[in-house]
Amino acid sequence: MEIANNLLELKKGLPPGVQLVAVSKTKPNEDILEAYQAGQRVFGENKVQDLAQKYEELPKDIEWHFIGHPQTNKVKYMAPFVSLIHGVDSLKLLKTIDKEAAKNKRTIRCLLQFHIAEESTKFGLSEEEAVEMLDKGEVQKLQNIEIAGVMGMATYTDDENQIRKEFRVLHNIFSVLKNKYFSAADSFREISMGMSDDYPLAIEEGSTMIRVGSKIFGERNYQNKN
Ligand SMILES: *Cc1c(COP(=O)(O)O)cnc(C)c1O
């Protein structure tokens, strides 16, 4: 009951308008089902293969989010069912998602990922790169994708001011893009930010979607199956 309790405890503290993506990466189906039975329907994975397998095996009313950075050659495996792709940071990837969505007669919602952290290893666009990409007008022509907002990850640190500053940067990028390109698009409305260690700050800074794993499912153990 640990997972169900963690989940319900967490949800109690969420203001309306903030959606919870339960990040189930590396976790077995039985853990996901426990959260499902406690009412959770939105889950996130960061490996396309795991996502596709869990989709096959678990209840079909689960809404699956891809929270990583997909390789273009893997997009086809999730295109039939994925409901939101959080980690999109290039025109090339958007074009691939559009093509695979069209094959499935679907529209796939995508979030543009921004690099807001100090760490240099994380994926993501800068505001300038996004503006340059959107100014070309090619993204707007893609018929089978919908840009639903922005996503980012803050630096892994204890420094709350630093984290807050980075979330503010993402919120500001959202506002700039909204005004410049998406003011008429209701669908552009999500700010995906906040994880187990920093989601309360993210919510204070305007997050509409938090991605929480270990706080619900426990620490991930990549060595053992625990
Ligand atoms: C793993 C992961 C999360 C969840 O991390 P926790 O710290 O376990 O909550 C959120 N977002 C992304 C992109 C992730 O890869």
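A quick note: this is a predicted structure, and the numbers were derived from the prediction, not measured.

A.B. asks: Can you lay out the overall build of the protein chain for me, pointing to particular residues and giving the numbers?
C.D. replies: For the protein chain, the helix and strand inventory stands at 10 helices and 8 strands. Relative to the 2.2 N^0.38 estimate, which gives 17 Å for 226 residues, the radius of gyration of the protein chain is 17 Å and therefore close to what a compact globule would have. Across the protein chain, the fraction of contacts at a sequence separation of at least 24, relative to all contacts at a separation of at least 6, is 59%. If you sum the accessible surface of the protein chain, you get close to 11400 Å²; carbon and sulfur atoms cover 47% of it. Taking the average place of the 30 positive charges on the side chains of the protein chain and the average place of its 34 negative ones, the gap between the two points comes to 6 Å.

A.B. asks: Describe the UniProt feature "modified residue: N6-(pyridoxal phosphate)lysine" (unreviewed entry) in the protein chain, with residues and values.
C.D. replies: With numbering matched to this structure, UniProt assigns "modified residue: N6-(pyridoxal phosphate)lysine" (unreviewed entry) to Lys 25. Tracing the backbone through its elements, the reader meets Lys 25 in the loop between strand S1 (19-23) and helix H2 (29-37). Taking the relative accessible area as the measure of exposure, Lys 25 reaches 15% and is therefore buried.

A.B. asks: Could you give an account of the side chain of Thr 155, naming the residues involved and the relevant values?
C.D. replies: Following the sequence through the fold, Thr 155 ends up in the loop between strand S6 (145-152) and helix H8 (160-181). A distance of 2.8 Å separates the side chain of Thr 155 from the backbone nitrogen of Glu 118, its partner in a polar contact. Look past the residues within four positions of Thr 155 in its chain and what remains in contact with it is Ala 117, Glu 118, Glu 119, Gln 162, Ile 163 and Glu 166.

A.B. asks: Just give me the short version of the pattern of salt bridges, but keep the residues and values in it.
C.D. replies: Summed over all chains, the structure comprises 12 salt bridges. For Lys 54, the salt bridge goes to Glu 45, with nearest N and O atoms at 2.8 Å. You can call Lys 54 buried: its relative accessible area is 8%. A relative accessible area of 0% means that Glu 45 is categorised as buried. The residue Glu 205 makes a salt bridge to Arg 164 at a minimum N-O spacing of 2.8 Å. Here Glu 205 is found in the loop between helix H9 (199-204) and strand S8 (209-212), whereas its partner Arg 164 is found in helix H8, with 41 residues between them in sequence. Given a relative accessible area of 10%, Glu 205 falls into the buried group.

A.B. asks: Explain the packing of helix H1 (residues 2-12) against H2 to me, and be specific about the residues and the numbers.
C.D. replies: At their nearest, the axes of H1 and H2 sit 8 Å apart, and the two run at 45° to each other. The angle between H1 and H2 falls in the class oblique. In the packing of H1 onto H2, the handedness of the crossing is right-handed. Residues Glu 2, Ile 3, Ala 4 and Leu 7 of H1 lie in contact with H2, whose contacting residues are Asp 31, Glu 34 and Ala 35. A breakdown of the residues in the contact of H1 with H2 according to their chemical character gives 4 nonpolar, no polar and 3 charged.

A.B. asks: So what about the site of the ligand? Which residues, and what values?
C.D. replies: Around the ligand sit Val 23, Lys 25, Ile 67, Met 151, Met 153, Met 195, Ser 196, Arg 211, Val 212, Gly 213, Ser 214 and Arg 220, and those are all the residues in its vicinity. In the environment of the ligand, a nitrogen atom lies 2.9 Å from a nitrogen or oxygen atom belonging to the side chain of Arg 211. Between an oxygen atom of the ligand and a side-chain N or O atom of Arg 220, the distance comes to 2.8 Å. Coverage of the ligand by the protein amounts to 91% of the 390 Å² it exposes when considered alone. Considering only residue class, the shell around the ligand consists of 6 nonpolar, 3 polar and 3 charged.

A.B. asks: An account of the nonpolar core is requested, with residue identities and associated values reported.
C.D. replies: Residues Leu 94, Ile 97, Leu 112, Phe 114, Leu 177, Ile 210 and Ile 216 are the most contacted members of the largest nonpolar core, which totals 65 residues. Among the elements that take part in this core, H8 stands out by supplying 7 residues, more than any other. Among the nonpolar cores identified, the runner-up in size contains 7 residues, and Val 42, Leu 84, Ala 148 and Met 209 belong to it.

What counts, and at which threshold
Along each chain, the written sequence defines residue order, and numbers are assigned to residues from 1. In keeping with the model being predicted, local features are shown solely for residues with a pLDDT of at least 70 and side-chain atom pairs are shown and tallied solely at 80 or more, while totals for entire chains, interfaces and linings include all residues. Note that water and hydrogens are dropped before the side-chain values are worked out from all heavy atoms of the structure. Comment: elements are numbered from the N terminus, with helices defined as DSSP H or I runs of at least four residues and strands as E runs of at least two. We compute the radius of gyration over the C-alpha atoms and compare it with the globule rule, which gives 2.2 Å times the number of residues raised to the power 0.38. In what follows, residue pairs with any heavy atoms lying within 4.5 Å of each other are defined as contacts. Only the protein chains shown count as cover for residues, and the accessible areas themselves come from Shrake-Rupley with a 1.4 Å probe. Lys and Arg are tallied as positive, Asp and Glu as negative. Neither His nor the chain termini are counted. Charged groups are reduced to one reference atom each: NZ for lysine, CZ for arginine, CG for aspartic acid, CD for glutamic acid. UniProt positions are given in the numbering used here, feature names are shortened, and annotations may be inferred rather than shown by experiment. Under the scheme applied here, a residue whose accessible area is under 20% of the maximum for its type counts as buried, over 50% as exposed, and between as partly exposed, the area being computed with a 1.4 Å probe on protein chains only. Polar contact is defined as a pair of N or O atoms within 3.5 Å, subject to the rule that within protein one atom must be able to donate a hydrogen and the other to accept it, and that residues adjacent in sequence are counted only when both atoms are side-chain atoms. Here, a salt bridge means any Lys or Arg side-chain nitrogen found within 4 Å of an Asp or Glu carboxyl oxygen. To define axes, lines are fitted to C-alpha atoms, for helices over the stretch in contact only, and angles between the resulting N-to-C directions are given on a 0 to 180 degree scale. For classification purposes, angles smaller than 35 degrees are called roughly parallel, those larger than 145 roughly antiparallel, those between 65 and 115 roughly perpendicular, and all remaining angles oblique. Helix crossings fall into two classes, left-handed where the near helix is turned counterclockwise from the far one by less than a right angle and right-handed where it is turned clockwise. In this count, Pro and Cys sit with the nonpolar residues alongside Ala, Val, Leu, Ile, Met, Phe, Trp and Tyr, while Asp, Glu, Lys and Arg are called charged and the others, Gly among them, polar. Each residue is tested against the molecule or strand, and it is near if at least one of its non-hydrogen atoms lies within 4 Å. We define the nonpolar core as a collection of buried residues of types Ala, Val, Leu, Ile, Met, Phe, Trp, Tyr and Cys that are connected through side-chain atoms lying within 4.5 Å of one another.

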